[in-house]
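# Understanding the architecture of this molecule
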Amino acid sequence: FDLRTGRMLVSVRHDTGAREAINAVLLLPGPSLLTGTWDGKWHKWESWPQRPLRPIEVARGERGVGHDNLVTGFAMSANGHKLAVSCTAGCVLVFRGHCPTTEVEVQTVEELSSLREALSIGDFGELYLKDSLEIAGASLEAGDELLSQGAFAGKKSRGDIVKLALPAQLHFRFVGCFTNGRNRSWLRLEHQEAVRCLAISAEDSREFLYSGSRDRTVRKWDLSNGHCVHIYAGHTSEVR
């Protein structure tokens, strides 16, 4: 709606094939709109408000998030690089966008072999790290994807890695980066029961995520790394 005139500008349906209740919404600059039922949808427009783009799916396919789940809230970091989604599946999923690329110059055959063994194949054929890895003086995180750039340009398989000419300049980026076409959670922040609400707060130069749950706690998380900073217990009923 236009708040000045009260005129409706656009009507958005979460899923054209179903009429499930919408439990959460978040309007963002752009404009774009997040809606949540059992999963989340990110609605954007090629030309506001007449030409909507295909919605981006959020939280679908995540562990434990099925049709019995409800998305109860969304929160976006101040710079728009992190999106938090609260779920009755007992967790908050944090997604990342605008993810940096790490360049690594591999010098030895042993390093190539270690990299090959550390990589898994994803649902779309992407190669990503199962665990964190120290290689060629660089620290790579679990979930970093080997990009088809540099020495690995035009190559796709784990077998291609040990055939690379040395030194090999390789590029990595978080596999679920939502501004690069994929939506896979970066962090999974656990409660003991359904998460009912959440909010992001800027404190000095850092951002923290607060989540409230049916387990009668509010938890404070460092949004830069997912560490639980504090648990506020003692509530007599669920926190909503």
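Up top is the structure these notes are about.
The paragraphs below set out a description of the structure included in this document. The model shown is predicted, which means the values in this text are computed figures rather than measured ones.

Quick look at the sheet that holds strand β9 (residues 91-96) now. With respect to topology, four strands assemble into an open sheet ordered β7-β8-β9-β17, the strand pairing being antiparallel. Looking at strand neighbours, the two that pair on one side only are β7 (71-76) and β17 (187-190), the edges of this open sheet. Strand after strand, the sheet turns through a mean of 20 degrees between neighbouring axes, direction not considered.

Turning next to unusual backbone geometry. In the segment running from Trp48 into Pro49, the intervening peptide bond is cis, with an omega of -5 degrees. On the secondary structure map, Pro49 appears in the loop between β4 (45-47) and β5 (51-52). A cis amide bond links Leu166 to the next residue, Pro167, at an omega of -5 degrees. Tracing the sequence through the fold places Pro167 in the loop between β15 (144-146) and β16 (168-174).

Relative to the elements of secondary structure, Leu119 occurs in strand β11 (residues 119-121). Distance in space between the C-alpha atoms of Leu119 and Lys41 is 30 Å, their sequence separation being 78 residues. When sequence neighbours within four positions are dropped, the list of residues in contact with Leu119 reads Leu127, Tyr128, Leu129, Lys130, Leu146, Arg158 and Ile161.

Enumeration over the complete set of coordinates arrives at 14 salt bridges. Among the salt bridges present, the one from Arg182 reaches Glu145, with a minimum N-O distance of 2.8 Å. Of this pair, Arg182 sits in the loop between β16 and β17 while Glu145 sits in strand β15, and the two are 37 residues apart along the sequence. For Arg182, a relative accessible area of 23% translates into the label partly exposed. The closest approach of N and O atoms between Arg196 and Glu238, which form a salt bridge, is 3.0 Å. Separated by 42 residues along the polypeptide, Arg196 in strand β18 (residues 195-203) and Glu238 in the segment after β21 (228-232) bring together distant segments of the chain. Residue Glu238 is classed as partly exposed on the basis of its relative accessible area, which comes to 28%. Put simply, Asp39, Glu57 and Arg60 are held in one network by salt bridges that share partners.

Take the pairing of strand β20 (residues 218-222) next. Buried residues dominate β20, accounting for five of its five residues. The alternating pattern of β20 places Val218, Lys220 and Asp222 and Arg219 and Trp221 on opposite faces, both of which are buried. Relative to β20, strand β19 (residues 206-213) runs antiparallel, the two sharing five bridges. In the sheet register, Leu209 faces β20, and the bridge partner there is Trp221. Two successive antiparallel strands, β19 and β20, enclose a turn made up of four residues, where Arg216 displays a positive phi of approximately 70 degrees. Two elements, β20 and β21, share four bridges in a ladder whose sense is antiparallel. If you follow Lys220 over to β21, its bridge partner there is His230. Between β20 and β21, which pair antiparallel in sequence order, lie five residues; one of them, Gly226, sits at a positive phi of approximately 85 degrees.

About the thresholds
- Residues numbered from 1 in each chain as written.
- Predicted model: local features only at pLDDT ≥ 70, side-chain atom pairs only at ≥ 80, totals over all residues.
- Heavy atoms only, no water.
- Pairing = 2+ DSSP bridges.
- Helix = DSSP H or I, 4+ residues; strand = E, 2+ residues; numbered from the N terminus.
- Axes fitted to C-alpha atoms, helices over the stretch in contact; angles between N-to-C directions.
- Contact = heavy atoms within 4.5 Å.
- Salt bridge = Lys/Arg side-chain N within 4 Å of Asp/Glu carboxyl O.
- Buried < 20%, exposed > 50% of the residue type's maximum accessible area, 1.4 Å probe, protein only.

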